[in-house]
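Overview (structure and organization)
The primary structure of each chain is shown beneath.
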Amino acid sequence: MNQIVIICVDDEPMILDSLRIELEGNLGDDYLIELAQSGEEALEIFIDLKKDNYEIPIVIADYIMPDMKGDELLKRIHSISPQTLKIMLTGQADIAGVGNAINYANLYRYIPKPWESEDLKLTVKEALNSYFRRKEIDKKNADLDRINQELTQANLSLKKALEAELKLTASATKFVPHQFLSLMGYQNITDVKLGDSVEHKMSVLFADIRNFTTILETMTPEESFKFINGYLSIMEPAIIENQGFIDKYIGDAIMALFASKADDAIHAGISMLKRLNEYNKTRQRPERLPLKVGIGINTGDLILGTVGGAQRIDGTVIGDAVNLASRLEQLTKQYDVSLLISNSTFIALENSVKYSIRLIDRVKVKGKAEIVTVFEIFDADPPECLEGKTITKHIYEEAIILYYQRKFRQASQLFQDCLSKNPKDRVAQIYLERCQKNRE
């Protein structure tokens, strides 16, 4: 079996070396990193590798290059291999260039230059997960097509042919949620057209298992799939029952959309965590440790649309609202909390006092220029944590006010009071350390 290849294209050798070093550091020896200093060279390498049956899941290309711009290169690569995911480095890319790459090359993601190492790592790993999951889906679709052809060739009766068609339609809805079709204004999947897009204000939920890779290291491939599918089957009803739908699975991660109310997303997140608490009661052995999940929710305008080519169309969602929800999920690890929401979601709630909620921080999230206010919802915390945060809530809130008034000595005392009553409160500990640092 030939090695899997990632192609990096940039006319600056130092940029290429940096990409190669970071990718090799993050991906190890599982992938071959090919470098090209121009679009023409990259296209030649791509064609040669495809002729030799190498698998190329990702091409990362700069936009500004002497002989061929990045959007044109990605467009040509897309015409050869639509399934290859394209990532553009956009140090100087204009809107038209990014738009061309999205419309004609099915651009997966764009990353600003200079990039953040963690952003590059997450983007590439998410792209690889998406590529191999799509490959698995394509195989299943091919199996469905083969079954359909066999049924047709067997000259089945109209009734049997209709039953087979209904089964195929039911299977298709598992890949394209009917809520997505409805939001796009389609009656059924046969109405889908390439390039259609609509803008909606929605709430976006990202959920991810902590230390997922470490958990899988103890499992065989068969056990890994059984574990993932078991976990996802527990989480899915919490979303469906709260008027949401799953846009995509990214490995163990879930991305869900809620078109009606922000409260629906909150209810789903709380339900997911409560279901996980019940599930964890079955994971009390050394080889089955309890799972921890981080959930981020944001509300805002986003664009739903269809991208692809003549032979392959996919639904996708883009916008800052999506990116921020993903970043909030990542911040749950930093603050050791389970559920974070943005200020936009907080404002959109019908009645925020219904929830156990507290302000966490005002942060500059990666990929966002402005400061974002972040809140924790802790209704689904284990009883001990819920009680601790509840009884210290008024002290904590007073301490937060003092902190932002730069009254660090008084704030420090109140955060210490919080910790004396709730020693596991990581957020209070973070603020205490900040106060002590600012007093030095």
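Scroll up a little and you will see the structure.
Below: a short report on this structure. Starting afresh in each chain, residues are numbered from 1 along the sequence in its written order. Selection of residues for local features in this predicted model requires a pLDDT of at least 70, selection of side-chain atom pairs for listing and counting requires 80 or more, and totals for whole chains, interfaces and linings are taken over all residues. Working from all heavy atoms in the structure, the side-chain values ignore hydrogens and water.

Digging into the packing of helix 14 (residues 393-404) against helix 15 (residues 408-421)
Any two packed helices are characterised by how steeply their axes cross, that is the angle between the axes, and by the distance between the axes. For clarity, the threshold we go by: Angles shown run from 0 to 180 degrees and are taken between the N-to-C directions of axes, each axis being a line fitted to C-alpha atoms and, for helices, limited to the stretch in contact. Numbering goes from the N terminus for both helices and strands, where a helix is a DSSP run of H or I of at least four residues and a strand is a run of E of at least two. Note that the term roughly parallel is reserved for angles under 35 degrees, roughly antiparallel for angles over 145, roughly perpendicular for angles of 65 to 115, and oblique for everything else. We call a crossing left-handed when the near helix sits turned anticlockwise from the far one by less than a right angle, and right-handed when that turn is clockwise. Only heavy atoms enter the contact rule, under which two residues are in contact if any of them lie within 4.5 Å. Charged means Asp, Glu, Lys or Arg here, nonpolar means Ala, Val, Leu, Ile, Met, Phe, Trp, Tyr, Cys or Pro, and polar covers whatever is left, Gly included.
Running from N to C, helix 14 and helix 15 point in directions that differ by 155 degrees, and their axes come no closer than 8 Å. The pairing of helix 14 with helix 15 is recorded here as roughly antiparallel in orientation. The handedness of the crossing between helix 14 and helix 15 comes out as left-handed. Residues Ile395, Tyr396, Glu398, Ala399, Ile400, Leu402 and Tyr403 of helix 14 pack against Phe408, Gln410, Ala411, Leu414, Phe415, Asp417, Cys418 and Lys421 of helix 15. A per-class count over the contact of helix 14 with helix 15 returns 11 nonpolar, one polar and three charged.

Looking at the packing of helix 15 against helix 16 (residues 426-439)
Between helix 15 and helix 16, the shortest axis-to-axis distance is 9 Å and the interhelical angle comes to 150 degrees. Relative to helix 16, the element helix 15 lies roughly antiparallel. As helix 15 runs across helix 16, the sense of the crossing is left-handed. Side by side, helix 15 and helix 16 meet where Phe408, Arg409, Ala411, Ser412, Phe415, Gln416, Cys418 and Leu419 of the first sit next to Ala428, Gln429, Tyr431, Leu432, Cys435, Gln436, Asn438 and Arg439 of the second.

A short note on the packing of aromatic side chains
Test applied: Any two of the Phe, Tyr and Trp rings considered here, Trp counted by its six-membered ring, make a pair once their centres fall within 6.5 Å; the pair's planes then place it as stacked at under 30 degrees, edge-to-face at over 60, or tilted in between. Remark: exposure states derive from per-residue accessible area (1.4 Å probe, protein chains only) relative to the maximum for the residue type, with buried under 20%, exposed over 50%, and partly exposed in between. A ring has a charge above it when a Lys NZ or an Arg CZ is no more than 6 Å from the ring centre and no more than 35 degrees off the ring normal.
Considering all chains together, one arrives at eight aromatic pairs under this definition. Look at Phe346 and Phe375: their rings are 4.3 Å apart centre to centre, the planes differ by 10 degrees, and that puts the pair in the stacked class. You can see Phe346 sitting in helix 12 (residues 343-348) and its partner Phe375 sitting in strand 13 (residues 372-377), a full 29 residues away along the chain. Assessed through its relative accessible area of 9%, Phe375 is described here as buried. Residues Phe415 and Tyr431 carry aromatic rings whose centres are separated by 5.2 Å and whose planes lie at 10 degrees to one another, so their mutual orientation is stacked. Residue Phe415 is located in helix 15, and its partner Tyr431 is located in helix 16; the two are separated by 16 residues in the primary sequence. In terms of burial, Phe415 and Tyr431 fall into one category: buried. Three or more aromatic residues link up through ring pairs in this structure, and these residues are Tyr396, Tyr403, Tyr404, Phe408, Phe415 and Tyr431. Note that Arg358 overlies the ring of Tyr396, its terminal NZ or CZ placed 4.5 Å from the centroid.

Looking at the environment of Asn277
Where we set the bar: Counting of polar contacts relies on pairs of N or O atoms within 3.5 Å, with two restrictions inside protein: one atom must be capable of donating a hydrogen and the other of accepting it, and residues adjacent in sequence are counted only when both atoms are side-chain atoms.
Mapped onto the elements, Asn277 comes out in helix 10 (residues 262-280). In terms of polar contacts, Asn277 uses its side chain to reach the backbone carbonyl oxygen of Ala380, at 3.1 Å.

Side note on the nonpolar core
To keep it simple, the criterion reads: We call a set of buried residues a nonpolar core when its members are Ala, Val, Leu, Ile, Met, Phe, Trp, Tyr or Cys and they connect through side-chain atoms within 4.5 Å of each other.
Counting 37 residues, the largest nonpolar core has Met272 and Ile295 as its most contacted members. Looking at this core, the elements that each hand over two or more residues are strand 6 (197-209), helix 8 (212-216), helix 9 (221-240), strand 8 (253-258), helix 10, strand 9 (293-308), strand 11 (339-342) and strand 13. When residues of this core are assigned to their parent elements, the largest contribution, nine residues, is made by helix 10. Formed by 28 residues, the second largest nonpolar core is a distinct cluster that contains Leu331, Val374, Ile400 and Phe415.

Take it as geometry only, folks, not as evidence of what the structure does.
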